[in-house]
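Each chain is listed here by its residues.
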Amino acid sequence: MTGADDSKGQRGRGSRIWVGLGVVVVAVVVVGGIVERRMHVESLSRQTADASIPRVQVISPEHGPKTRTLDLPGNISAWYQAPIYAQVSGYVQMWYKDIGAKVKAGEILATIDTPGLDAQYAASKANFDVAMARYKLAQITAKRWKALQGTQAVSQQEVDVQAANAEAQAAEVEAARHEVSRYAALIGFKQIVAPFDGVVTSRLADVGDYVNAGGGDVSSRGTATELFSVADVHRMRVFVSVPQDYADIIGPKLTGDITVPQYPGRVFKAKFLATAKAFNAATRTVTTELVVDNDKRELWPDSYATVHFTAPGDPDILILPEGALLFRAQGMQVAVVDDHNRVRLRNVTVGTNLGTKVQILAGVGLHDRVVNNPSSGLLEGQEVYLVGSTPGYNDAGASAMAKAPVTENTKDDDDVRAMPADQGAADTGARR
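Residues numbered from 1 in each chain as written. Predicted model: local features only at pLDDT ≥ 70, side-chain atom pairs only at ≥ 80, totals over all residues. Heavy atoms only, no water.

Per an unreviewed UniProt entry, the recorded name for the chain is Efflux RND transporter periplasmic adaptor subunit, and the organism is Novacetimonas cocois. Comment text from UniProt for the chain, heading Subcellular location (unreviewed entry), reads "Cell envelope". The UniProt entry for the chain carries the following comment under Sequence similarities (unreviewed entry): "Belongs to the membrane fusion protein (MFP) (TC 8.A.1) family." (UniProt positions renumbered as here; feature names shortened; annotations may be inferred.)

**Some words on the overall build of the chain**
What the chain contains, in helices and strands, is 5 helices and 24 strands. Counting across all 432 residues of the chain, residues that qualify as buried make up 34%. Counting only contacts in the chain whose residues sit at least 6 apart along the sequence, the fraction spanning at least 24 positions is 74%. Here the chain has roughly 25700 Å² of accessible surface; of this, 55% comes from carbon and sulfur atoms. (Helix = DSSP H or I, 4+ residues; strand = E, 2+ residues; numbered from the N terminus. Buried < 20%, exposed > 50% of the residue type's maximum accessible area, 1.4 Å probe, protein only. Contact = heavy atoms within 4.5 Å. Areas by Shrake-Rupley, 256 points an atom, 1.4 Å probe, with all protein chains shown as cover.)

**With respect to a nonpolar patch on the surface**
On the surface, a nonpolar cluster with roughly 380 Å² of combined accessible area is contributed by I17, W18 and L21. Mapped onto the elements, W18 comes out in helix α1 (residues 2-51). (Patch = residues over 30% accessible without salt bridge, like charges linked within 9 Å, V, L, I, M, F, W, Y side chains within 5 Å. Salt bridge = Lys/Arg side-chain N within 4 Å of Asp/Glu carboxyl O.)

**Some details on the side chain of T111**
By the secondary structure assignment, T111 is in strand β6 (residues 108-113). With residues up to four places along the chain from it excluded, the contact list for T111 reads Y91, V92, Q93, M94, Y96, K190 and Q191.

**Observations concerning the pattern of salt bridges**
All chains considered together, the criterion is met by 12 salt bridges. In this structure, K97 engages E107 in a salt bridge whose closest nitrogen and oxygen atoms are separated by 2.8 Å. Highlighted residues: K97 in the loop between β4 (90-95) and β5 (102-103) and E107 in the loop between β5 and β6, separated in sequence by 10 residues. Owing to a relative accessible area of 19%, K97 belongs among the buried residues under this scheme.

**Remarks on the side chain of R68**
Relative to the helices and strands, R68 resides in strand β3 (residues 67-84). Exposure remark for R68: the relative accessible area of 9% places this residue in the buried category.

**Brief notes about helix α3 (residues 156-188)**
Taking 1.5 Å of rise per residue, 33 residues should cover 48 Å, and α3 covers 49 Å from first to last C-alpha, within 8% of that figure. For α3, the complete set of buried residues consists of V159, Q162, A166, Q169, V173, A176, V180 and Y183. Residues of α3 that are buried sit in contact with α2 (115-147). (Expected span 1.5 Å × (residues − 1).)

Rendered as structure tokens:
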């Protein structure tokens, strides 16, 4: 019995040991889970708190350029350009100048066959001859009655009637003479001539085409177009729509460099000629006219051109990218980061828009750290983290980051830290 009791006692002690070990393991697992969970919660809280602070890139205002440049589309037009219509009705008898032909003022471009007009002209001359014969007869009659004035053969009234009839016939002769002159002028329009020296830019007339007076050739739809178009191209006009922001550069001393697609690398010098002195309400631009010499006839009418303007700038005025501006109810603002890495919203006065950048007349200084592309949710006094620039995209921010003071932040591998001045932009790019 004693051996059996000892065996049972040993088994009981072994069971208690195993139970104790199980309790210890369970306790360790539970405590470890609680500790690990608390560590995760604390880490998550730190990350959440850290993520709630916005990351921003900062830049510094720059001095404005010494010169301002502006490239605008332009349209080249001939110095003079005239569409030529027929002034008499008839059929095109012959044309003598085709497109591209150089012509002199008064040179014949085409002739029109007008049998109806020729008949009217002949009739007007016949009417003139009849009126002249009647006038001569009236003059002779008036002289005879005038010779019998004061005798019993005729009365004074009859003498006056014959004198008045002679004057009426004289008026008829004058009217007939004007009618002949009118038809003679129309006969002159049978020849279509160039109005000035130039180049024929279009010919819409062909032999046998019917043309009516003042309307050009009549197409199947009944619309009318010109018979010819002639352009004077010894000088060319260049029309440019200048934005309102750059209207201050317009003046008698304004010049422009003209480039056209058909001559890559060629530059034509243009001078100011005139400006409309009024803005287009739809585009807020003013039409400006330049003139360019075209002695070699290299520029053609209705060509597209790019006009490059250069105007003096003001280096004393600071500039910022347009993306740094905030449009709010308080007016135009920028977000500036102070020495404690907190946002300060400042009202600024904006000057001339230079394209991608804009002049800042007041509100920021040369050494201010301005947030580039700020979020509309930035608030006054809000803490921010400064991050480096994106390589090749916003390199201007890297130079500003080099000026940023050291900021004590929670140490975390996933966080982006503000960098001390001795590290510079190179460290920021290395960590990225």
